[in-house]
Amino acid sequence: MFEVTAKTAFIFILPQYNISVPTADGELVHYCYGLKDLVTILFYIFIAIILHAVVQDYALDKISRRFHLSKVKHSKFNESGQLVAFHLTSMIWCLYVIVTEGYFSNPRSLWENYPHVYLPFQVKFFYLCQLSYWLHALPELYFQKVRKEEIPRQLQYICLYLVHIAGAYLLNLTRLGLILLLLQYVAEFLFHMARLVYFTDENNEKLFNAWAVVFVVTRLFTLTLSVLVIAFGLAREDNQTFEPEKGNFNTLLLRMGVLLVVCLFQTWMMWRFIHFQLRRWREYWNEQSARKRAAASATIAKQQSKPLKRESGYHENGVVKAENGTSPRTKKLKSP
């Protein structure tokens, strides 16, 4: 009975479809994907919901109470706070996987020996956790009571993350997907950190400037790396056939389709970035002009409120009188 329960529990907890691959040093256990992955993803969706609640209750709620944020800012503060915690964790984890698997030291491994059907444990587990997190974000829209105006925007980026991560996982482009995710998460981490700082101090926008530079650089790296791997690297591989049962999707049509999706997504993100920056600059100049107008009107008001200097005396019937009522004319001296 215990053995049956343990086997059932392992389906939920551990990645499935492990295969022993012979090597010169012995055997390595690798993994491929299948339908049982859905069970594992479901289990980690519940784990993500629990962790989401822990971060919300023990960190974000306490911080937001100290700053007395409005309802709109409170909702965005919670969103950015959750994403900062997730992006930071994913950045460190993703960087560790890339370095230990040698994808930085050997860039050719991103396309050589494609399809990369057999995955190391840490690569497959990383992808399962990523899919679980972004799937858990869908019910969190209801649990967090997100405003109706914010739901379409959040649904948009949640679905985009799911499409790209699932696409890299199912098309066996996991190595390229890891590096692209790392670049994306670095930019997103800076953006949400800048939002958190801005909500606590509206005059502090230095992190937004740093994010703007990093965002543009990551877009260029993403496009360059995608073209290098998909259009040049995979195009030179020998197995240019469509064999889904073997995990091989290396055909000209699919390569162009994947590259088109990546380019369209990066173009859309750049358009939104430019629109965001233009709006920020417009708000900044409007604020500066409003301050100048307020300062000018305050200066005019001060000048008008100053009392006019009166002459030493006053006018009465057109004659200047002294303050004691006598005429200020000089007296004639009597001759002796």
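Note that this is a predicted model, so its numbers are computed, not measured.

1. Remarks on the pairing of strand β1 (residues 18-23)
Piece 1. Relative to strand β2 (residues 26-31), β1 is paired through 6 bridges, and the arrangement is antiparallel. When the sheet's bridge partners are listed, I19 is paired in β2 with H30.
Piece 2. The turn linking β1 back onto β2 is made up of 2 residues.

2. A look at the packing of aromatic side chains
Piece 1. The full count for this structure, using the stated rule, is 29 aromatic pairs.
Piece 2. Relative to Y169, the ring of Y33 has its centre 5.4 Å away and its plane inclined at 45°; by these criteria the two rings are tilted. In this pair, Y33 is assigned in the loop between β2 and α2 (37-67) and Y169 in helix α5 (residues 151-170), connecting sequence segments 136 residues apart.
Piece 3. Note on Y33: relative accessible area 28%, which makes it partly exposed.
Piece 4. Aromatic ring contacts, followed pair by pair, group Y31, Y33, F43, Y44, W93, F121, F125, F126, Y127 and Y169 into a single cluster.
Piece 5. In this structure, R219 packs its charged tip against the face of F215, placed 4.6 Å from the ring centre.

3. Some thoughts on the UniProt feature "transmembrane region" (unreviewed entry) in the protein chain
Piece 1. Listed under "transmembrane region" (unreviewed entry) in the UniProt record, and renumbered for this structure, are residues 41-60, 81-105, 178-198, 210-232 and 252-274.
Piece 2. What you have in residues 41-60 is 100% helix and 0% strand, and the ends, taken at the C-alpha atoms, are 26 Å apart.
Piece 3. Helix makes up 84% of residues 81-105 and strand 0%, with an end-to-end C-alpha separation of 33 Å.

Rules used in this analysis
- Residues numbered from 1 in each chain as written.
- Predicted model: local features only at pLDDT ≥ 70, side-chain atom pairs only at ≥ 80, totals over all residues.
- Heavy atoms only, no water.
- Pairing = 2+ DSSP bridges.
- Helix = DSSP H or I, 4+ residues; strand = E, 2+ residues; numbered from the N terminus.
- Phe/Tyr/Trp six-rings, centres within 6.5 Å; stacked < 30°, edge-to-face > 60°.
- Buried < 20%, exposed > 50% of the residue type's maximum accessible area, 1.4 Å probe, protein only.
- Lys NZ or Arg CZ within 6 Å of the ring centre and 35° of its normal.
- UniProt positions renumbered as here; feature names shortened; annotations may be inferred.

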